[in-house]
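# Structural features, examined
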Amino acid sequence: MKSYKIVTFGCQMNLADSGSLAAVLNARGFHPAETEVDADIVILNTCSVREKAEDRVFGRLGELYGMKKMQPGKKIAVVGCMSQRLGERILQRAPYVDIVLGTDRMLELPQYVDDGAFGAQVHTEFGYEEIDGLVPVRDNKFAAFLTIMRGCNQYCTYCIVPYVRSEERSYPLEKITFQVNQMVQDGVKEITLLGQNVNSYNDGRHDFADLLRAVARNTDIKRIRFMTSHPKDLSDRLIDVMATEPKMMAHLHLPMQSGSNRILRRMGRIYTYEHFLNLIHKMRAAVADIAISTDLIVGFCSETEEEFQMTLRAVEEIRFDSAFMFRYSPRQGTAAYRLPDDIPDNEKIRRLSRLINLQKRISFEKNQEELGKSRSVLVDGCSRRSQSVLKGKTGGNKTVLFTGPESLIGAIKTVRITSADAWTLHGELEN
Ligand code: SF4
């Protein structure tokens, strides 16, 4: 039996894809290896969102080449977004790679390993064939990701995703509720429904609000989350589901990207700051204690100091619980790549650190508001520092550390918050 090791780069979607790939390989008689050295085949599931992400993959390929020289039978496969973007070009820089599979072809890997074909194989055609009945392999026994749609039709000008994951395709609602129940039988308590823009989910008969209500009412899952949303498609019906379905976790990840309407237009985001702010107000009015996180980009083409200040003011006004913050990185193939990348790197770095410091202060203040509150927490393991300290996530997707017996792992417990810093809450078990 051949052994494999999957190394995953990038987002939750890639983690979910790696889980599906591992399930396919296991079903075809392969078994997971502990390390890349032990594995007969090493699979890199790649990310292409920034140049740095691709450089990291080529760095890892260099290391694998060293291993392959010592173990000539070892196979190397590169799958996912970078394979989709570069295809054959990967072999020019790494001719020792055996298999290159795009985002829609990766589940076919077993057939390319066994076919003994001479020379490297490259397959990047779109058209994803889902494998029915397989429960994706996952690290966390109690909390799992489930992909509900693939691709994105938004074409934000800075983003490579639509080019490497193709147009939106939503899975049938019945298939998703069936998979959720399969995962519940496999011990899952919390599901995160995944898509590049889940708000535009539509299987031809049901939209995203229908899907959430069906998962809440027609499955035995305990807690439901979803990501990533696009403000353009955040409907009142979706807000109503979050306000009325108790299984919906009080957390929304809603990328804002910029506080300047001119920059939002140049990014192709199709909403204004005022529209975004109104959505935040609606969500906070409808869902008590909802935690809101976001994505922000600074230093986008032609962003003035005043427009950067608009982003800082927006962050100050909205007071997000947390944020993923980036400096603009041009991606070949995107519309923005044709615009001059005219904000100097040191200025991008200055703006990013200014923003990070502001958000860190706000996250700290928001977490102080948690003190004394009792939060429902899914205990998903022990903290890295001590086996006697458990960790878990609140409904607001905040990490909580508290002392308790390992026997509580997998349970949903109530924890009273006693202290907090900008990233982590600390608490005491209530029941
Ligand atoms: S919504 Fe925009 S940023 Fe998000 S994946 Fe689609 S194109 Fe990229």
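Residues numbered from 1 in each chain as written. Predicted model: local features only at pLDDT ≥ 70, side-chain atom pairs only at ≥ 80, totals over all residues. Heavy atoms only, no water.

### Brief notes about the overall build of the chain
Test applied: Secondary structure counts use DSSP, requiring at least four H or I residues in a row for a helix and at least two E residues in a row for a strand, with both numbered from the N terminus. Each radius of gyration is computed over the set of C-alpha atoms, and the globule rule expresses the reference value as 2.2 Å times the number of residues to the power 0.38. Throughout this description, buried means an accessible area under 20% of the type-specific maximum (1.4 Å probe, protein chains only), exposed means over 50%, and partly exposed covers the range between. Any two residues whose heavy atoms approach within 4.5 Å at even a single point are treated as in contact. Reported accessibility uses the Shrake-Rupley method at a 1.4 Å probe radius. Residues are deemed covered only where the shown protein chains occlude them. In this charge count, Lys and Arg are treated as positive and Asp and Glu as negative; neither His nor the chain ends contribute. Taken as the charge location is NZ of Lys, CZ of Arg, CG of Asp or CD of Glu.
A count of helical and extended segments in the chain gives 13 helices and 19 strands. Its C-alpha radius of gyration of 22 Å places the chain within 12% of the 22 Å reference for a compact globule of 431 residues. Dimensions along the principal axes, computed over C-alpha positions, put the chain at roughly 60 × 55 × 45 Å. Relative to its full complement of 431 residues, the chain shows a buried share of 56%. Long-range pairs, those at least 24 residues apart, make up 71% of the contacts in the chain between residues at least 6 apart in sequence. In the structure as shown, the chain presents an accessible area of about 18,400 Å², 52% of it carried by carbon and sulfur atoms. Of the charged side chains in the chain, 58 are positive and 55 negative; the average position of the first set lies 2 Å away from that of the second.

### Examining the domain arrangement of the chain
Put simply, the rule reads: In this document the domain limits rely on a domain assignment from an automatic tool or a database. Here the buried area means the combined drop in accessible surface, using a 1.4 Å probe, for two parts upon being joined, counting both sides. One speaks of a salt bridge when a side-chain nitrogen belonging to Lys or Arg is within 4 Å of a carboxyl oxygen belonging to Asp or Glu. Identification of polar contacts relies on pairs of N or O atoms within 3.5 Å, with a donor-acceptor requirement for protein atoms, meaning one able to donate a hydrogen and the other able to accept it, and with residues adjacent in sequence counted only if both atoms are side-chain atoms.
Domain assignment breaks the chain into domain 1 (3-123), domain 2 (138-245), domain 3 (250-369) and domain 4 (374-429). On a C-alpha basis, the centroid separation for the pair domain 2 and domain 4 is 26 Å. Contacts between the two partners involve eight residues from domain 2, matched on the other side by 14 residues from domain 4. Of the roughly 720 Å² buried where domain 2 meets domain 4, counting both sides, 55% is carbon and sulfur surface. Counting the surface domain 2 buries against domain 4, the share from its top three residues, Phe142, Arg223 and Arg225, is 67%. Between the two partners, domain 2 and domain 4, sit zero salt bridges. On the surface where domain 2 and domain 4 come into contact, there are five residue pairs in polar contact (both at pLDDT 80 or more).

### Considerations on the pattern of salt bridges
Tallied over the entire structure, the rule returns 40 salt bridges. Close ionic contact of Arg150 with Asp17 constitutes a salt bridge, the shortest N to O distance being 3.2 Å. Of this pair, Arg150 sits in strand 8 (residues 149-150) while Asp17 sits in helix 1 (residues 12-27), and the two are 133 residues apart along the sequence. Between Glu303 and Arg351 there is a salt bridge, and its shortest N-O distance comes to 2.8 Å. Remark: Arg351 occurs in helix 13 (residues 345-368) and Glu303 occurs in the loop between strand 13 (291-298) and helix 12 (305-318); sequence separation between them is 48 residues.

### Quick look at the packing of aromatic side chains
As a reminder of what qualifies: For this analysis, a ring pair means two rings from Phe, Tyr or Trp (six-membered ring only for Trp) whose centres lie within 6.5 Å, classed as stacked if their planes differ by under 30 degrees, edge-to-face if by over 60, and tilted for the remaining angles.
Considering all chains together, one arrives at seven aromatic pairs under this definition. Judged by centre distance (4.2 Å) and plane angle (10°), the rings of Tyr65 and Tyr96 are stacked. Linking Tyr65 in helix 2 (residues 51-70) with Tyr96 in the loop between helix 4 (89-93) and strand 5 (99-101), this pair joins segments that are 31 residues apart in sequence. The buried category is assigned to Tyr96, whose relative accessible area is 15%.

### Quick word on helix 13
To keep things clear, this is the line we draw: The length a helix should cover is 1.5 Å for every residue beyond the first.
With 24 residues, helix 13 extends 34 Å between its outermost C-alpha atoms, agreeing within 8% with the 34 Å of an ideal straight helix rising 1.5 Å per residue. Those residues of helix 13 hidden inside the fold are in contact with helix 11 (273-286), strand 13, helix 12, strand 14 (322-327), strand 18 (412-420) and strand 19 (424-429).

### Observations concerning the layout of surface pockets
Worth spelling out the cut-off: The method works on a 1 Å grid over the protein atoms by themselves. A cavity is a set of points holding a 1.4 Å probe that cannot get out, a pocket is an open set with protein on both sides within 12 Å along at least five of seven lines, and residues with an atom within 4 Å of a point line them. Grid points are joined across faces, edges and corners, and a volume is the space filled by probe spheres set on the points. All residues other than Ala, Val, Leu, Ile, Met, Phe, Trp, Tyr, Cys, Pro, Asp, Glu, Lys and Arg, Gly among them, are scored as polar; the first ten of these are nonpolar and the last four charged.
Of the voids in this model, the second largest pocket is the one considered here, and its volume is about 400 Å³. Every residue lining the second largest pocket is counted, 23 residues in all, and those nearest its centre are Ala250, Asp289, Ile290, Arg375 and Gly396. The class makeup of the residues in the lining of the second largest pocket is seven nonpolar, four polar and 12 charged. Summarising the domain contributions, the lining of the second largest pocket has at least three residues from each of domain 3 (250-369) and domain 4 (374-429).

### A few points about the sheet that holds strand 2 (residues 31-32)
The line we're drawing: Here, any two strands with at least 2 DSSP bridges between them count as paired. Helix axes are fitted only over the stretch in contact, all axes being lines through C-alpha atoms; the angle between N-to-C directions runs from 0 to 180 degrees.
Spatial strand order, 2-1-3-4-5-6: six strands in an open sheet with parallel pairing. Every interior strand has two partners, whereas the edge strands, strand 2 and strand 6 (121-123), have only one. Two elements, strand 3 (residues 41-46) and strand 4 (residues 75-80), share six bridges in a ladder whose sense is parallel. The partner of Val42 across the bridge, within strand 4, is Ile76. With respect to the sheet, helix 2 is in contact with strand 1 (3-8), strand 3 and strand 4, its orientation differing from that of strand 3 by roughly 175°.

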